[in-house]
Amino acid sequence: MVTGMSQEELDFKGPNQKYNSTAQLIRHLAYVDLNWVYRIKDEPIPKKLEEKYGPMLDKNNEIPLVSGVSLEKILSDYDHVFNMFKSICYQLTEIQLNQTVDYENGTAATIRWGIWHIADHSRYHQAHINQLRKWFKEENREYRQD
């Protein structure tokens, strides 16, 4: 979906720069997945990984800004987390899929639901990335016509 994306497009935040960029969304997906890896392990996220991928939201309660980080680096970081997630999932038994883990705001969720949630959450933000790509192409087409 992001093949061939330039740095300008990766950092593009949509019309009037009021949306999350593709870079922000990919980093956000990595952090959400990382949270699930450690929920399943029933361990806190190591400080080093928390610093690299987090926080979930910045002081303005928004997805943190990511700018100037190459597509290769963002995808490599995301692949690392996703491979951790796949590895832990391959080890789960049917019984473990029904175990509950702490989720958000004091709630609990089954590991099975968490896996579904990660897929749905990724799909949701992939749609945002597709929209950003359309907007970027439209804006660049307008500039070329001027």
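**Considering the overall build of the chain**
In terms of regular secondary structure, the chain is built from six helices and two strands. Taken from the N to the C terminus, the helices and strands of the chain come in the order α-α-α-α-α-β-β-α. Taken along the three principal axes of its C-alpha coordinates, the chain extends 60 × 30 × 25 Å. Classification of the 146 residues of the chain by burial places 40% in the buried group. Of the contacts made within the chain by residues no fewer than 6 positions apart, 66% connect residues no fewer than 24 positions apart. Accessible surface computed for the chain: about 9100 Å², of which carbon and sulfur atoms make up 50%.

**Here's the deal with the packing of aromatic side chains**
Aromatic ring pairs are described here by two measures, namely the spacing of the ring centres and the angle between the planes. Using the criterion set out here, one finds eight aromatic pairs in the structure. Considering the side-chain rings of tryptophan 113 and tryptophan 116, the 6.1 Å spacing of their centres and the 45 degrees angle between planes classify their relative orientation as tilted. Here tryptophan 113 pairs with tryptophan 116, and both are found in helix H6 (residues 111-145), just three residues apart, close to one helical turn. Take tryptophan 113: its relative accessible area is 31%, and that puts it in the partly exposed class.

**Considering the packing of helix H2 (residues 22-41) against helix H4 (residues 71-90)**
How two helices pack is summed up by the angle between their axes together with the distance between the axes. Here H2 crosses H4 at 25 degrees, and the two axes come no closer than 9 Å. As judged from the angle between their axes, H2 and H4 are roughly parallel. Our pair here, H2 against H4, has a crossing hand that is left-handed. The segment H2 lies against H4, with Ala23, Ile26, Arg27, Leu29, Ala30, Asp33, Leu34, Trp36, Val37, Tyr38, Ile40 and Lys41 engaging Ile74, Leu75, Asp77, Tyr78, Val81, Phe82, Met84, Phe85 and Ile88. Here the contact of H2 with H4 is composed, by residue class, of 17 nonpolar, no polar and four charged.

Definitions and cut-offs
Residues numbered from 1 in each chain as written. Predicted model: local features only at pLDDT ≥ 70, side-chain atom pairs only at ≥ 80, totals over all residues. Heavy atoms only, no water. Helix = DSSP H or I, 4+ residues; strand = E, 2+ residues; numbered from the N terminus. Buried < 20%, exposed > 50% of the residue type's maximum accessible area, 1.4 Å probe, protein only. Contact = heavy atoms within 4.5 Å. Areas by Shrake-Rupley, 256 points an atom, 1.4 Å probe, with all protein chains shown as cover. Phe/Tyr/Trp six-rings, centres within 6.5 Å; stacked < 30°, edge-to-face > 60°. Axes fitted to C-alpha atoms, helices over the stretch in contact; angles between N-to-C directions. Parallel < 35°, antiparallel > 145°, perpendicular 65-115°, else oblique. Left-handed = near helix turned anticlockwise from the far one by under 90°. Nonpolar A, V, L, I, M, F, W, Y, C, P; charged D, E, K, R; others polar.

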